[in-house]
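Chain residues, written in single-letter form:
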Amino acid sequence: ICASSLGGFFGAYLKKKAELTALDEQFRKSLLQLQEQTLAIESIKAEIAAKLTQSSETIKVGLTKELEVFKIGLHDQLKSESEFVTFRYTKIFAAFEEISKLPSINYTYLRRDGDRFVQDKELLMKVVEQVTERYGIVKEIYDRIRPLIDPPLLAEPDNNIAEAERQSNLLTHSLYQNEDLPDGVDVVTLLKARQDAEQEIKRLLARQVAILTAGAA
């Protein structure tokens with residue numbers, strides 16, 4: 001009976017030991033797989049981190065290069081704009097001086113007739129010729145310099161020039177066609193229109209020079 005009991009005990013023991021051995025082997029295999037997976041994950045993480053670092057450096061270098069290009073472009077643009085402002089100032093100021101140095105005109109077209117003054121047609125023709133020549137020079141200077149003027153400043157001079165052209169056409173037609181001037185129009189008004197246009201052009205040039213000077217300060 002004792003031998004039989006011992007045999008049963010050892011049999012159960014060996015079976016249990018075999019089961020534990022199998023479990024232990026399975027545990028070691030699982031642990032090994034877990035370690036391998038952990039190493040693989042760490043390797044992937046390291047690879048990703050390296051790529052991210054490399055990408056960050058690449059982006060940083062790229063941005064730095066783009067920034068340098070932008071700085072160079074901006075510097076060139078500012079330099080170009082500064083040179084253009086200087087060019088505008090020089091040309092507009094020269095135009096102002098050119099107009100200011102034009103010879104003055106004697107606007108006398110009346111002659112004494114006894115105790116009164118009457119209009120002298122020959123004198124008037126000379127005045128008209130002088131005014132026409134001077135206005136032509138002023139208009140040519142204005143047309144030459146007009147593209148350098150700020151557009152908002154052009155309205156008033158353009159209106160004065162348009163009125164001067166209208167008055168000039170009336171005066172020319174009246175003198176050379178020997179016709180009376182329209183009602184409400186006289187020689188003084190016609191000549192004054194060109195004087196006003198010239199003065200407005202000079203004011204425009206002076207105003208633009210002042211604006212450019214203030215912007216450069």
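What counts and how
- Residues numbered from 1 in each chain as written.
- Predicted model: local features only at pLDDT ≥ 70, side-chain atom pairs only at ≥ 80, totals over all residues.
- Heavy atoms only, no water.
- Helix = DSSP H or I, 4+ residues; strand = E, 2+ residues; numbered from the N terminus.
- Buried < 20%, exposed > 50% of the residue type's maximum accessible area, 1.4 Å probe, protein only.
- Areas by Shrake-Rupley, 256 points an atom, 1.4 Å probe, with all protein chains shown as cover.
- Contact = heavy atoms within 4.5 Å.
- Salt bridge = Lys/Arg side-chain N within 4 Å of Asp/Glu carboxyl O.
- Core = buried A, V, L, I, M, F, W, Y, C linked by side-chain atoms within 4.5 Å.
- Axes fitted to C-alpha atoms, helices over the stretch in contact; angles between N-to-C directions.
- Parallel < 35°, antiparallel > 145°, perpendicular 65-115°, else oblique.
- Left-handed = near helix turned anticlockwise from the far one by under 90°.
- Nonpolar A, V, L, I, M, F, W, Y, C, P; charged D, E, K, R; others polar.
- Expected span 1.5 Å × (residues − 1).
- Arc of directions from axis to C-beta.

Draft legend 1. Seen up close, the overall build of the chain. If you tally the helices and strands in the chain, you get 4 helices and 2 strands. Beginning at the N terminus, the succession of helices and strands in the chain can be written as α-β-β-α-α-α. Looking at the 217 residues of the chain, the share that counts as buried comes to 22%. Taken as a whole, the chain presents about 15,700 Å² of accessible surface, with 60% of it coming from carbon and sulfur.

Draft legend 2. Main features of the side chain of R194. With respect to the helices and strands, the residue R194 is situated in helix α4 (residues 187–216). Apart from the residues within four sequence positions on either side, R194 is in contact with V131, T132, Y135, A164 and S168.

Draft legend 3. The pattern of salt bridges, seen in detail. With the rule as written, the count across this model stands at 9 salt bridges. The closest approach of N and O atoms between D150 and R88, which form a salt bridge, is 2.9 Å. With D150 in the loop between α2 (121–145) and α3 (155–176) and R88 in helix α1 (residues 2–100), this pair connects stretches of sequence that are 62 residues apart. On the accessibility criterion, D150 (25% relative accessible area) is partly exposed. R88 gets classed as buried once you look at its relative accessible area, which sits at 10%. One salt bridge connects E198 with R134, and the closest N-O pair in it is separated by 2.7 Å. Of the two residues, E198 is situated in helix α4 and R134 in helix α2; the sequence distance between them amounts to 64 residues.

Draft legend 4. Region of the structure containing the environment of V128. As for its position among the elements, V128 is in helix α2. For the pair V128 and S168, spaced 40 residues apart in sequence, the C-alpha separation works out to 9.2 Å. Residues within four places of V128 in sequence aside, it is in contact with L171, L175 and L191.

Draft legend 5. Fine view of the nonpolar core. Counting residues in hydrophobic clusters, the biggest one holds 22 residues, and the most contacted among them are I92, I149, I201 and L205. Mapped onto this core, the elements with two or more residues apiece are α1, α2, α3 and α4. A total of 7 residues in this core trace back to one element, the largest contributor, which is α4. In contact with I92, not counting residues within four places along its chain, are I145, L148, I149, L205, Q208, V209 and L212.

Draft legend 6. Representation of the packing of α2 against α3. The contact between α2 and α3 brings their axes to 12 Å, and the two run at 150°. Viewed along their axes, α2 and α3 adopt a mutual orientation that is roughly antiparallel. Regarding α2 and α3, the two cross each other, and that crossing is left-handed. Along its contact with α2, which presents K121, L124, M125, V128, Y135, K139 and Y142, the element α3 presents P157, D158, I161, A164, E165, L171, L175 and Y176. When the residues that make up the contact of α2 with α3 are grouped by side-chain class, the tally is 11 nonpolar, no polar and 4 charged.

Draft legend 7. How the structure looks around α3. End to end, α3 covers 32 Å across 22 residues, agreeing with the expected 32 Å (1.5 Å per residue, within 8%). Within α3, the full set of buried residues consists of P157, N160, I161, A164, Q167, S168, L171, S174 and L175. Summarising the axial view, the buried residues of α3 lie within an arc of 150°, below the 170-degree limit, and thus occupy one face. Downstream of α3 by one or two residues, N178 has phi in the positive range, about 55°.

Read these as spatial facts, not as claims about activity.
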